[in-house]
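Letter by letter, the chains look like this.
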Amino acid sequence: MTIRVLVTNDDGIAAPGLRWLARTAAERGWDVVVAAPSEEASGASAAMSAVERDGRVIVEEHPIEELPGVPAYGVAGSPALITLIALHGAFGPAPSAVLSGINRGANAGRAVLHSGTVGAAFTAAANGCHGLAVSLDVLSVHEASTGSGGAAAAVTRPDRDERRNWATAARVALDLLPRLTAGPVESVLNVNSPDLPYERLRGIRRGTLAGFGQVQMTVAEAGKGFVRTALEESGQYVEPGTDVAWLAEGYASVTAIRAVTEASDVDLSGLDDPR
């Protein structure tokens, strides 16, 4: 049976990574629908935000030239909200899997908490649908923005962006789709690829979450009525085997992660005892 997939992102409906991911999924024979924010929504995490008109979320058809026949929509909402309404039939039959990306910039380490790309995949998993987030490592500390806490966002540079190795990240992600659909629905696959041609990719490795992102936010200045933030390299030791370490060595990294799970190592004993 053909798998129906929703392709979404947090970089917006016009982002090249979204087109590459959708096109690769369609070429693999998946039943694809595209729905993504009308504007960039980096750093949205799993927020349920939208722009409404007369109580209705604004949705506009946004055909993708390279994908004739594939329905595509620009939605005035966050990636997580788009995912949720897609699962309730907003864009046709509900998808069996959500592919989120390809994000412009790595989503690595515990900074994934802030990522709208990963937030969409988490929302899928929390609602009984397989979710995969995929990102391309294209940023430096000088290009990133604070919108994602320094995790993975940047000012768009169309000419340069079109020349990025989106095809590599798309191929890595789609090759992992069978593993995603065979695994537990509660888990999300978070995939990061270096910005390299596929033939130069050293391989794909299972990476643990680094304790930080590639860059981190700091307060550069605080004054009356304002705070100015900045980004800086973390300066922390990169532990071997983490997602950040594999990227630095020219490997794609994949990490299985889960959101909103109960902690069993906190002592809450006695709270249910009768008074």
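Here the structure is shown first, and the text comes after it.
Quantities reported herein were computed from a predicted structural model and do not represent experimental measurements.

Rules and cut-offs
- Residues numbered from 1 in each chain as written.
- Predicted model: local features only at pLDDT ≥ 70, side-chain atom pairs only at ≥ 80, totals over all residues.
- Heavy atoms only, no water.
- Core = buried A, V, L, I, M, F, W, Y, C linked by side-chain atoms within 4.5 Å.
- Buried < 20%, exposed > 50% of the residue type's maximum accessible area, 1.4 Å probe, protein only.
- Helix = DSSP H or I, 4+ residues; strand = E, 2+ residues; numbered from the N terminus.
- Contact = heavy atoms within 4.5 Å.
- Patch = residues over 30% accessible without salt bridge, like charges linked within 9 Å, V, L, I, M, F, W, Y side chains within 5 Å.
- Areas by Shrake-Rupley, 256 points an atom, 1.4 Å probe, with all protein chains shown as cover.
- Salt bridge = Lys/Arg side-chain N within 4 Å of Asp/Glu carboxyl O.
- Pairing = 2+ DSSP bridges.
- 1 Å grid on protein atoms, 1.4 Å probe; cavity = no way out; pocket = protein on both sides within 12 Å on 5 of 7 lines; lining within 4 Å.
- Points joined across faces, edges and corners; volume = space filled by probe spheres on them.
- Nonpolar A, V, L, I, M, F, W, Y, C, P; charged D, E, K, R; others polar.
- Phe/Tyr/Trp six-rings, centres within 6.5 Å; stacked < 30°, edge-to-face > 60°.
- Lys NZ or Arg CZ within 6 Å of the ring centre and 35° of its normal.

Q: Can you help me understand the nonpolar core in this one?
A: Burial of nonpolar side chains together is a common tendency in soluble globular proteins. Core analysis: the largest hydrophobic core is formed by 36 residues, its most contacted members being Val 7, Val 34, Leu 99 and Leu 132. Within the residue set of this core, elements represented by two or more residues are strand S1 (4–8), helix H1 (16–27), strand S2 (31–37), strand S7 (97–104), strand S8 (130–137), helix H5 (166–182), strand S9 (188–194) and strand S13 (252–257). Looking at this core element by element, the count peaks at nine residues for H5. With residues near it in sequence (within four places) discarded, Leu 132 still touches Val 98, Leu 99, Ser 100, Ala 121, Ala 173, Leu 176, Leu 180, Leu 189 and Val 191. Of all hydrophobic cores here, the second largest spans 12 residues; its members include Tyr 73, Val 75, Val 98 and Ala 124.

Q: How should the side chain of Ser 78 be read in this particular structure?
A: Structurally, Ser 78 is set in the loop between strand S6 (72–75) and helix H2 (79–87). The residues touching Ser 78, leaving out its near neighbours within four places in the chain, are Ala 44, Ala 47, Met 48 and Ser 49.

Q: I would appreciate a short explanation of a nonpolar patch on the surface in the present structure.
A: On the surface, a nonpolar cluster with roughly 330 Å² of combined accessible area is contributed by Val 266, Leu 268 and Leu 271. Along the polypeptide, Leu 271 turns up in the segment after S13.

Q: Explanation requested: the pairing of S6 in the structure shown.
A: Note on strand geometry: in a regular strand, side chains alternate between the two faces of the sheet. The alternating pattern of S6 places Ala 72 and Gly 74 on one face and Tyr 73 and Val 75 on the opposite face, and all of these are buried. Note that S2 and S6 share four bridges and pair parallel. For Ala 36, the partnering residue across the bridge sits in S6 and is Gly 74.

Q: I would appreciate a short explanation of the layout of surface pockets in the present structure.
A: Rolled over the atoms, a probe as big as a water molecule pinpoints where empty space is left. Volume-wise, the largest pocket comes out at about 260 Å³. Together, 14 residues line the largest pocket, and Phe 122, Ala 126, Arg 258, Ala 259 and Val 260 are the ones closest to its centre. When residues of the lining of the largest pocket are assigned to their parent elements, the largest contribution, five residues, is made by helix H3 (residues 116–126). For the lining of the largest pocket, the class distribution of residues is eight nonpolar, four polar and two charged.

Q: Can you help me understand the pattern of salt bridges in this one?
A: Note that side chains of opposite charge can pair when their charged atoms are close. Here the structure, examined in full by the defined rule, presents six salt bridges. The residue Asp 31 makes a salt bridge to Arg 4 at a minimum N-O spacing of 3.1 Å. Pair noted here: Asp 31 is in strand S2 and Arg 4 is in strand S1, with a separation of 27 residues, a long-range link. A relative accessible area of 35% means that Asp 31 is categorised as partly exposed. Linking Arg 164 and Asp 195 is a salt bridge whose minimum nitrogen-to-oxygen distance equals 3.1 Å.

Q: What should I look at first to understand H2 in this one?
A: Since one α-helical turn is 3.6 residues long, residues separated by three or four positions face the same way. Counting buried positions over the nine residues of H2 gives seven, a clear majority of the element. Along H2, the residues classified as buried are Pro 79, Ala 80, Leu 81, Ile 82, Thr 83, Ala 86 and Leu 87. Buried residues belonging to H2 abut S1, S2, strand S4 (56–57), S6, S7 and H3. Residue Gly 89 follows H2 closely and has a positive phi angle near 90°.

Q: Would you mind going over the packing of aromatic side chains with me for this structure?
A: What describes a pair of aromatic rings is the distance from one ring centre to the other and the angle between the planes of the rings. For the coordinates displayed, the defined rule picks out two aromatic pairs. Where Trp 246 meets Tyr 251, the ring centres are 5.1 Å apart and the plane angle is 75°; that geometry is what we call edge-to-face. For Tyr 251, a relative accessible area of 9% corresponds to the buried category. Note that Arg 23 overlies the ring of Trp 20, its terminal NZ or CZ placed 4.1 Å from the centroid. The ring centre of Trp 246 lies 5.9 Å from the NZ or CZ of Arg 205, which sits over that ring.

Q: Where do I start with the environment of Val 98 in this structure?
A: Structurally, the position occupied by Val 98 is in strand S7. You can call Val 98 buried: its relative accessible area is 0%. Sequence separation between Val 98 and Val 34 is 64 residues, and the spatial gap between their C-alpha atoms is 10.0 Å. Apart from residues no more than four positions distant in its own chain, Val 98 is found in contact with Leu 6, Thr 8, Thr 83, Ala 124, Cys 129, His 130, Gly 131 and Leu 132.

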